[in-house]
Amino acid sequence: MSFETEFSEAVDGLAPVALRTAATLRLADHIAAGFDTVPRLADRIGADRDVLERLLRFLVARGVFGEPVPATYALTPLSALLLEGHPARLRAWLDERGVGARMDEAVRALSEGVRTGRCPYDRLHGGSFYADLAARSSGPSFDDLRQAHAEGFAGEIADAFPWDRVGHVVDVGGGTGVLLETLLRRFPCLHATLVDLPETVAAATRRITGAGLNGRFTPSPGSFFDTPPPRADVHTLVNVLHNLGDEQAVTLLRHCARAAAPDGTVIVGERLADEADTRAITSMDLRMFLLLGGKERSLAQLRAAAETAGLAYDRRTALPSGLQLIRFRTGDRGPA
């Protein structure tokens, strides 16, 4: 492939749209079920045969699908990622009816963000990212997608800290309760509180109640900016601070510091901007700005924010998933 062709492929906006179309139409699932020719697949999904064939040719040429014999299509390792049951939940992220499409609109407004320095999501959708999602009920749920992501690291966090010595943990921005369910299952003496938006806390409560763990669980619905988290031995902020701008991040850390017990711990779980895979972290850094006005931070930046909030750095632990658990303590702190 020539340099000109490679560059053309890199900037071609058609490939992502074609992939999203394949995800929305569930082509991988239908092909896996035996609808592997254009006539059968078109009848299955109610599509125009000619255009569907052209889409498949485009995707075959890029390795998304295979064509082991002429006019018969098959999955490849790439399209296997689009199967509905795949743990990565990629199909749901790419579905044009879901939250991914809302995010794409903000991504396309990058030039506006570069010029103004302001997150474009609010202007595009008439509200902040989480408020907009709470107002929408169609398409794949963001909470479901976030839950699948949390399942990838909850066990690692349970292994990486002496939770058996903790009486009460507050998970701030803890989503649908995946981490807390994991901790409550493993550590019978632990009590837990989850602070998040009302709809998300309701989903977490259903999850934890269904697991029979609600006797040690307290839901705390609401904005963690308007209502500081309750007092506890440990407060966790996992993939939360990168959603926030610098001022908001310090405010939230200060809330946690003030709510922490004497000699308490605040655990921040983030990927570090200066240590994570460069391609992945720079992509996430821009997305956090475009969607939420947030940013990815280095360890030095996180330490500076925590110290401004009245917390002292303790240590960090690298997890297999790439997440870093950074511990801050409240003992010997200065005024917050």
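Procedures and definitions
- Residues numbered from 1 in each chain as written.
- Predicted model: local features only at pLDDT ≥ 70, side-chain atom pairs only at ≥ 80, totals over all residues.
- Heavy atoms only, no water.
- Helix = DSSP H or I, 4+ residues; strand = E, 2+ residues; numbered from the N terminus.
- Rg over C-alpha atoms; globule rule 2.2 N^0.38 Å.
- Buried < 20%, exposed > 50% of the residue type's maximum accessible area, 1.4 Å probe, protein only.
- Contact = heavy atoms within 4.5 Å.
- Lys, Arg positive; Asp, Glu negative; His and termini not counted.
- Charge placed at Lys NZ, Arg CZ, Asp CG, Glu CD.
- Phe/Tyr/Trp six-rings, centres within 6.5 Å; stacked < 30°, edge-to-face > 60°.
- Lys NZ or Arg CZ within 6 Å of the ring centre and 35° of its normal.

Digging into the overall build of the protein chain
Now for step 1: Counting its regular elements, the protein chain contains 18 helices and nine strands.
Now for step 2: Scaling as 2.2 N^0.38, a compact globule of 336 residues should have a C-alpha radius of gyration of about 20 Å, and the protein chain matches this with 22 Å.
Now for step 3: Its C-alpha atoms give the protein chain principal-axis dimensions of about 70 × 50 × 35 Å.
Now for step 4: The proportion of buried residues among the 336 residues of the protein chain is 46%.
Now for step 5: A sequence separation of at least 24 residues applies to 67% of the contacts in the protein chain between residues at least 6 apart.
Now for step 6: Taken together, the 38 basic and 43 acidic charged side chains of the protein chain have centroids lying 3 Å from each other.

Description of the packing of aromatic side chains
Now for step 1: Evaluated as defined, the whole model comprises five aromatic pairs.
Now for step 2: Considering the side-chain rings of F129 and Y130, the 5.1 Å spacing of their centres and the 80° angle between planes classify their relative orientation as edge-to-face.
Now for step 3: Overall, F129 belongs to the buried group, its relative accessible area being 3%.
Now for step 4: Over the ring of F35 we find R40; its NZ or CZ atom is 5.1 Å from the centre of that ring.
Now for step 5: Geometry around F58 places R62 over its ring, the cationic atom sitting 3.6 Å from the centre.

A closer look at the environment of P229
Now for step 1: With respect to the helices and strands, P229 occurs in the loop between strand 5 (217–221) and strand 6 (232–238).
Now for step 2: For P229, a relative accessible area of 6% corresponds to the buried category.
Now for step 3: Ignoring anything within four residues of it in the chain, the contact list for P229 reads V170, V172, V195, H235, H255, C256 and A259.

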